[in-house]
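Okay, here's what each chain looks like letter by letter:
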Amino acid sequence: MTTGEMNVHSSTPARRKRGTAEALDRIGAVRFSGLYGLAIVVVIFWIALPNVHWFSTFNLQIILSEAALGGFFALAALVPLAAGMLDLQFANVGGFGLALMSYLAIHTTLPDAALIAIVVVCSALFGLVSGLFVSRLNLPSLLVTLGMSSLALAVTQYILNGQSLYPSSHFSHWFKTMTTGYVGPFPITFLILAGLGVLLHISMEHTPSGRRLLATGANPVAARLAGIKVGRIQVLSLTFASALGGFTGVLMAGVLATADDVTAPLYLLPAVAALFLGTTQVKFRLNVVGTFIAVMLLQTATHGFELAGSTSWVIYVFDGAILLVAVIVSRGRSTLHV
């Protein structure tokens, strides 16, 4: 066999491999794998649960209602992670917002709009303090937010005093409509989430502040040398996350009509899993659209497991497995630097 023939034969597998990769890229098999996964999940549970009307408006409303709260928490954690910080306090801050909103609704006569403002501002303080510790003292965000998460849980338990609160009868009509109403088949909470997602997407992808945020997360040292005020971005990112976490707690008060100290923390793992899974979608880095896809995939699967009568550990295994796979894939593509 001549040298030319050997080169032809050796290059054939390489060309075939490149052709396969190009074909997969054309159909978005990797960039939109979450959408394909979502379709597969729906088909699996549709076949496995023939008595469930998967494509009914009622079932869609349940999935979107549950996805709304998880989506808010995922967006809350998205901004700090884009700035290179892992925030572990947003879920417990959400629990604080849930408890404070419920307590104030029961024990005060302030209008709901004022209560929302109070809860959001108080919740933002957790992020502000964490941001100052991270930026001024150069402490790891994971440890700082973990400590503040414990503090938020402690304050939540102090507010609740070992009891569950039931604030629904104290809320105004407009607040109940905002948290439990629908516009056509869509829950209002999901529409609020979608609106916030659009604004956050525009901010991150098409504004100078968004580019500075992503540059900080990619390489804070280089960003600082380029004149970006890294410390300010860190503080604002964590403050925004806690404010949004508190607002999510406000919505939970209306949606769940009860306040306790265990519900909100359960959203931590699914939200983080959605974030890392979102980095494997669309842009192969943190992005709002990819996060939305991941939230819908995880929530649809969770809803299916619940309808199938699966115990809670099955859902935890699924969320944990998704998180591990997403971290491995995102690290392989060097999409994150935390």
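Structure first, text after, so check above.
Here the structure is a predicted model, which means the values were calculated and not measured. (Residues numbered from 1 in each chain as written. Predicted model: local features only at pLDDT ≥ 70, side-chain atom pairs only at ≥ 80, totals over all residues. Heavy atoms only, no water.)

Asks: Any chance you could break down the nonpolar core for me, citing the residues and the numbers?
Replies: Formed by 87 residues in total, the largest nonpolar core has its most connected members in Leu 78, Phe 90 and Met 101. No other element matches helix α3 (residues 57-82), which puts 15 residues into this core. Beyond its immediate chain neighbours, meaning those up to four positions away, Phe 90 contacts Phe 73, Ala 76, Ala 77, Gly 245, Tyr 267, Leu 268, Ala 271 and Val 272. (Core = buried A, V, L, I, M, F, W, Y, C linked by side-chain atoms within 4.5 Å. Buried < 20%, exposed > 50% of the residue type's maximum accessible area, 1.4 Å probe, protein only. Helix = DSSP H or I, 4+ residues; strand = E, 2+ residues; numbered from the N terminus. Contact = heavy atoms within 4.5 Å.)

Asks: Please set out the environment of Phe 45 residue by residue, giving values where relevant.
Replies: Among the secondary structure elements, Phe 45 is positioned in helix α2 (residues 33-48). Judged by relative accessible area, which is 10%, Phe 45 ranks as buried. Among all residues touching Phe 45, those that are not within four sequence positions of it are Trp 54, Ala 301, Gly 304 and Phe 305.

Asks: Mind laying out the packing of helix α4 (residues 90-107) against helix α6 (residues 141-160), listing which residues take part and the relevant values?
Replies: Where α4 meets α6, the closest approach of the two axes is 8 Å, and the angle between their N-to-C directions is 20°. Here α4 lies roughly parallel to α6, going by the angle between them. Regarding α4 and α6, the two cross each other, and that crossing is left-handed. Contacts from Asn 92, Val 93, Gly 95, Phe 96, Ala 99, Leu 100 and Tyr 103 in α4 reach Ser 149, Ala 152, Leu 153, Val 155, Thr 156, Ile 159 and Leu 160 in α6. Of the residues contributing to the contact of α4 with α6, the split by class is ten nonpolar, four polar and no charged. (Axes fitted to C-alpha atoms, helices over the stretch in contact; angles between N-to-C directions. Parallel < 35°, antiparallel > 145°, perpendicular 65-115°, else oblique. Left-handed = near helix turned anticlockwise from the far one by under 90°. Nonpolar A, V, L, I, M, F, W, Y, C, P; charged D, E, K, R; others polar.)

Asks: Please set out the packing of aromatic side chains residue by residue, giving values where relevant.
Replies: Describing an aromatic ring pair means giving the distance of the ring centres and the angle of the ring planes. What the rule picks out here adds up to ten aromatic pairs. Pairing Trp 46 with Phe 55 gives two aromatic rings, centres 5.6 Å apart and planes at 75°, and the pair type is edge-to-face. The interplanar angle of 75° and the centroid separation of 6.0 Å between the aromatic rings of Phe 72 and Phe 247 together place this pair among those described as edge-to-face. Placement of the pair is Phe 72 in helix α3 and Phe 247 in helix α11 (residues 230-256), with a sequence separation of 175 residues. Here Phe 72 matches Phe 247 in class, with each residue buried. (Phe/Tyr/Trp six-rings, centres within 6.5 Å; stacked < 30°, edge-to-face > 60°.)

Asks: Give a detailed account of the pattern of salt bridges, specifying residues and quantitative values.
Replies: Throughout the structure, instances matching the rule amount to two salt bridges. Put simply, Glu 205 and Lys 283 hold a salt bridge, and the shortest N to O gap is 4.0 Å. Note that Glu 205 is positioned in helix α8 (residues 188-206) and Lys 283 in the loop between α12 (268-278) and α13 (288-307), a separation of 78 residues in sequence. Classification of Lys 283 as partly exposed rests on a relative accessible area of 38%. Salt bridges sharing common partners tie together Glu 205, Lys 283 and Arg 285. (Salt bridge = Lys/Arg side-chain N within 4 Å of Asp/Glu carboxyl O.)

Asks: Just give me the short version of the environment of Val 295, but keep the residues and values in it.
Replies: Relative to the helices and strands, Val 295 is located in helix α13. What makes Val 295 buried here is its relative accessible area of 11%. In contact with Val 295, not counting residues within four places along its chain, are Ala 67, Gly 70, Gly 71, Ala 74 and Ala 274.

Asks: I'd like a rundown of the side chain of Asp 260, residues and numbers included.
Replies: You can see Asp 260 is positioned in the loop between α11 and α12. Buried Asp 260, no salt bridge; nearest opposite-charge side chain is Lys 176, N-O distance 19 Å. Within the local environment of Asp 260, its side chain forms a polar contact with the side chain of Thr 263, the two groups lying 2.8 Å apart. Sequence-distant contacts of Asp 260, that is, excluding residues within four places in its chain, are made with Leu 98, Leu 160 and Ser 164. (Lys, Arg positive; Asp, Glu negative; His and termini not counted. Polar contact = N/O pair within 3.5 Å; in protein donor to acceptor, adjacent residues only side chain to side chain.)

Asks: Can you break down α13 residue by residue, with the values?
Replies: Here α13 contains 20 residues, and its C-alpha end-to-end distance of 28 Å stays within 8% of the 28 Å for a straight helix at 1.5 Å per residue. Counting buried residues in α13 gives 16 out of 20 residues, a clear majority hidden from the surface. The backbone nitrogen of Val 289 lies 3.4 Å from a side-chain oxygen of the residue at the head of α13, namely Asn 287. A positive backbone phi angle near 80° is found at Gly 309, which sits one or two residues after α13. (Expected span 1.5 Å × (residues − 1).)

Asks: Summarise the side chain of Ser 102; cite the residues concerned and give the values.
Replies: Mapped onto the secondary structure, Ser 102 falls in helix α4. For Ser 102, a relative accessible area of 0% gives the class buried. Those residues in contact with Ser 102, other than ones at most four positions away along the chain, are Leu 165, Pro 167, Ala 253 and Ala 259.

Asks: With reference to specific residues and values, describe unusual backbone geometry.
Replies: The backbone phi angle of Asn 138 is positive, close to 55°, even though this residue is not glycine. With respect to the helices and strands, Asn 138 occurs in the loop between α5 (112-137) and α6. Overall, Asn 138 belongs to the exposed group, its relative accessible area being 68%.

Asks: I'd like a description of the packing of α12 against α13, backed by residues and values.
Replies: In contact at an axis separation of 8 Å, α12 and α13 are set at 130° when each is read in the N-to-C sense. The orientation of α12 with respect to α13, classified from their angle, is oblique. Note that α12 runs across α13; the crossing there is right-handed. Note on element contacts: α13 touches α12 through Gly 290, Thr 291, Ala 294, Val 295, Leu 297 and Leu 298, opposite Pro 270, Ala 273, Ala 274, Leu 275, Leu 277 and Gly 278. Of the residues in the contact of α12 with α13, the class split is nine nonpolar, three polar and no charged.

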